[in-house]
Amino acid sequence: MATSSNDKDTKLEPSETSPSVQAVSVLDQEQSPNNNENVHKRPRFRLTFAALSMMAMLVSFEGAAMSVALPTIADSLNGTAIESFWFGTAYLLCATTFQPIFASLSDAFGRRKLVLTGILFFLVGTIVGSVSTSASTMLVGRSLQGIGAGGMFTLVGVVITDVVPLRERGLYFGIVAALVGFGAVAGPLAGGGFAESVTWRWIFYINFPFIALSALSFLLFMADQRPAGVREKAQSEQIDLCGILLLIGSITSFLLGLTWGGVNYPWKSYQTILPLVLGALGLTVFGAYEHYWAKSPIVPPQLFRNRTTVICYICVAIKGLVLFAVLYCLPIYFQAVKGYSPVHAGLALLPLLFSTGPAAVVTGLLINKVGHYRWAIWTGFPLLTTGIGLFCLLHRDTAVAAWVVILIVLGLGIGILFCSLLFGVQASVNPAHITMAVGMTSCMRCFGQALGVALGGVIIQNHMRHVLFADPALAARADDYSRDTVGLVQSIPSIPDVRLRHEVQDAYTESLRIFWEVCCALGGVGLLLSLLIRSYRLTSYGQEA
């Protein structure tokens, strides 16, 4: 077995064994102190895995449920368009930022404590969101939910990595991918139904029984495990607090500037440029600090010394961006352009669900069987790029069969990529950093999702303003309409002039088309980069096939 020299892989020295590899198991340490080969087949692990998977589905559901209900929620809370988009972006931003933090702290304090901490944040955020009476309160609730969601997203992967052998992880990741996909698509459907039939607050109420059941399962069946031979106090003294603060501040600043640009403030204004510059500078300082000065870096620099690992991270972010671009922006097309109700807009996303979940499970099983993953990446990206590119053809009179087929093609691509990119990261990474590699995978996926929501809001609003200004009949209202593109959705049916109503709908179509083109271009970038991914054995870490 040859180790890649071109990818600059670090050789695995005996002293560099991963905390995750050293650890006997996340579960049943007392029952099996010297062998964890069959822990993943035991009832306690399966019950814990079921609870973790259920929470992964729930946080995915919660991340997407607002997409269809945004116009109703914005109207109820008197929120602006940009505040409405931040209901989604705040959730994803916090989930993105805190995933590597949860992964790092779980090595210090144990998986179980961090899982329960994540559930606590999610519960508090759910309570705050369910009683919100203003946009600012909702943003607080969504941010707290996002912190908890970040913990759940990353720790389900860490627990699987702790216990399940690399070659056998396909089934487990496939199950998680299917449930996450189910939550992502069921969210808009349920959110639309709640907003239309009862109250949007049920988007939060529905979480409580699942939170209670999962918390009980973790308390009863999940052992409190951390890396073997390392005392909690010794680990806690090495927490990378400076790195944590730099990471949170930098990502927040960058996304704030991106979201404000052209909407709240002109692109050339200091209010837009300053956050963007500070965010980019902060991320640069963060990288330098982690590389040169951090004693226990929250993001080990070694993760970025392997070409395959870096490319897989970029591809994961692109996949996440495309998925949430569709989940947040396609309902706008269905409601504003096609005139669907929130419930029907949610139902229209079902083809995505019925293709994403099965594709993820089947891909995981096939990778387990054949022992290779690149074929799946090279299959998934063409499907994803083709699917999102075909969205550019959508217009006011597009037939149902057309957008159903497009959603199926896109869903197959997303499902296939979910497992295959995870294998690419985990097979290529040094086992000394497997926990953080899993955390960074989830982090990059959520970063892409947050970027997708933010970019969608910015591009749609800016181009909407441009299109409306070009129409003499709508120029006088261009600023008002483009400033509140989400709230305007509910007002379109009441526009008495049919010609004017169609022009507004066409403005939405044109603005969305620009965003689909951007997503298609990014999918093409991911496809080209994926050609540089190397093949690694699934029976050991860092060994080329």
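In this text, all values refer to a predicted model and were calculated from it rather than measured experimentally.

## Considering the packing of aromatic side chains
Here is step 1: Counted by the stated rule, this structure contains 13 aromatic pairs.
Here is step 2: Taking 5.2 Å as the distance between ring centres and 80 degrees as the angle between the ring planes, the aromatic pair formed by phenylalanine 49 and tyrosine 172 counts as edge-to-face. Of this pair, phenylalanine 49 sits in helix H2 (residues 43-77) while tyrosine 172 sits in helix H6 (residues 169-197), and the two are 123 residues apart along the sequence.
Here is step 3: The buried category is assigned to tyrosine 172, whose relative accessible area is 12%.

## Thoughts on helix H5 (residues 135-163)
Since the α-helix advances by 3.6 residues per turn, residues separated by three or four positions end up pointing in the same direction.
Here is step 1: A rise of 1.5 Å per residue sets the reference length of H5, with its 29 residues, at 42 Å; its end C-alpha atoms lie 42 Å apart and thus fit the reference within 8%.
Here is step 2: Among the 29 residues in H5, 23 count as buried, and that is most of the element.

## Comments concerning the nonpolar core
Here is step 1: Counting 165 residues, the largest nonpolar core has Ile73, Leu330, Tyr373, Phe391, Leu410, Tyr508 and Trp516 as its most contacted members.
Here is step 2: Residue contributions to this core peak at 22 residues, all from helix H12 (residues 307-337).
Here is step 3: Apart from the residues lying within four places of it in its own chain, the contact partners of tryptophan 516 are Ala325, Val326, Cys329, Leu330, Ile388, Phe391 and Cys392.

## Observations regarding the state of the cysteines
Here is step 1: In total, this model carries zero disulfides according to the counting rule given.
Here is step 2: Between cysteine 315, a free cysteine, and cysteine 312, which holds the nearest cysteine sulfur, the sulfur-to-sulfur gap is 6.3 Å.
Here is step 3: Judged by relative accessible area, cysteine 315 falls into the buried class, the value being 0%.

## Brief notes about a nonpolar patch on the surface
Here is step 1: A grouping of Val362, Leu366, Val370 and Trp375 is seen on the molecular surface, where their side chains present a nonpolar patch of about 320 Å² in accessible area.
Here is step 2: Broken down by element, the nonpolar patch gets its largest block of residues, three residues, from helix H14 (residues 350-370).
Here is step 3: Along the chain, valine 362 turns up in helix H14.

## Structural notes on the confidence of the model for the protein chain
Here is step 1: Confidence along the protein chain averages 81 in pLDDT terms, with 86% of residues attaining 70 or more.
Here is step 2: Low pLDDT (under 50) marks residues 1-36, which in the prediction has 86 contacts with non-local residues, meaning those over four places away or in another chain.
Here is step 3: Here residues 228-234 scores under 50 on pLDDT; set against residues more than four positions off or in separate chains, the count is eight contacts.

## Overview of the environment of threonine 272
Here is step 1: Relative to the elements of secondary structure, threonine 272 occurs in helix H11 (residues 270-292).
Here is step 2: For threonine 272, a relative accessible area of 1% translates into the label buried.
Here is step 3: C-alpha of threonine 272 to C-alpha of serine 253: the two residues are 19 residues apart in sequence and 9.9 Å apart in space.

## Focus: the environment of threonine 72
Here is step 1: Relative to the helices and strands, threonine 72 resides in helix H2.
Here is step 2: Along the sequence, threonine 72 and proline 342 sit 270 residues apart, while their C-alpha atoms lie 9.1 Å from each other.

## Focus: the pattern of salt bridges
Any two side chains of opposite charge can pair, given that their charged atoms come close.
Here is step 1: Under the defined criterion, the tally for this structure stands at six salt bridges.
Here is step 2: The salt bridge involving aspartate 506 is made with arginine 396; its shortest N-O contact spans 3.2 Å. In this pair, aspartate 506 is assigned in helix H20 (residues 498-530) and arginine 396 in the loop between helix H15 (374-390) and helix H16 (400-428), connecting sequence segments 110 residues apart.
Here is step 3: We classify aspartate 506 as partly exposed; its relative accessible area is 33%.
Here is step 4: Across the salt bridge formed by glutamate 510 and arginine 513, the nearest N and O atoms sit 2.4 Å from each other. In this pair, glutamate 510 and arginine 513 both sit in helix H20, three residues apart, roughly one turn of the helix.
Here is step 5: Taken together, the salt bridges that share partners define one network made up of Glu510, Arg513 and Glu517.

What counts and what doesn't
Counting starts from 1 at the beginning of each chain's written sequence and moves along it residue by residue. Given that the model is predicted, a residue must reach a pLDDT of at least 70 before its local features are reported, and side-chain atom pairs must reach 80 or more before they are shown or counted; all residues, however, enter totals for whole chains, interfaces and linings. The side-chain figures draw on all heavy atoms in the structure; neither hydrogens nor water molecules are used. What counts as a ring pair is set by centres within 6.5 Å for rings of Phe, Tyr and Trp (its six-membered ring), and what kind of pair is set by the plane angle: stacked under 30 degrees, edge-to-face over 60, tilted for all other angles. Strands here are runs of E lasting at least two residues and helices are runs of H or I lasting at least four, both read from the DSSP assignment and numbered beginning at the N terminus. In this scheme, a residue with accessible area under 20% of its type's maximum is buried, one over 50% is exposed, and one in between is partly exposed, where area comes from a 1.4 Å probe on protein chains only. To estimate how far a helix should reach, multiply one less than its number of residues by 1.5 Å. Residue types Ala, Val, Leu, Ile, Met, Phe, Trp, Tyr and Cys, when buried and joined through side-chain atoms within 4.5 Å, form a set referred to as a nonpolar core. Residue contacts are defined here by distance: any two heavy atoms, one from each residue, within 4.5 Å place the two residues in contact. Cysteine sulfurs are considered disulfide-paired once they come within 2.5 Å of each other. Only residues above 30% relative accessible area that lack a salt bridge enter a patch, with like-charged residues linked at up to 9 Å and the nonpolar side chains Val, Leu, Ile, Met, Phe, Trp and Tyr linked at up to 5 Å. Accessibility throughout is a Shrake-Rupley quantity obtained with a 1.4 Å probe, and a residue counts as covered only by protein chains that appear here. Salt bridges are identified by distance alone: a Lys or Arg side-chain nitrogen within 4 Å of an Asp or Glu carboxyl oxygen. Confidence per residue, as judged by the predictor, is encoded in pLDDT with a range of 0 to 100.

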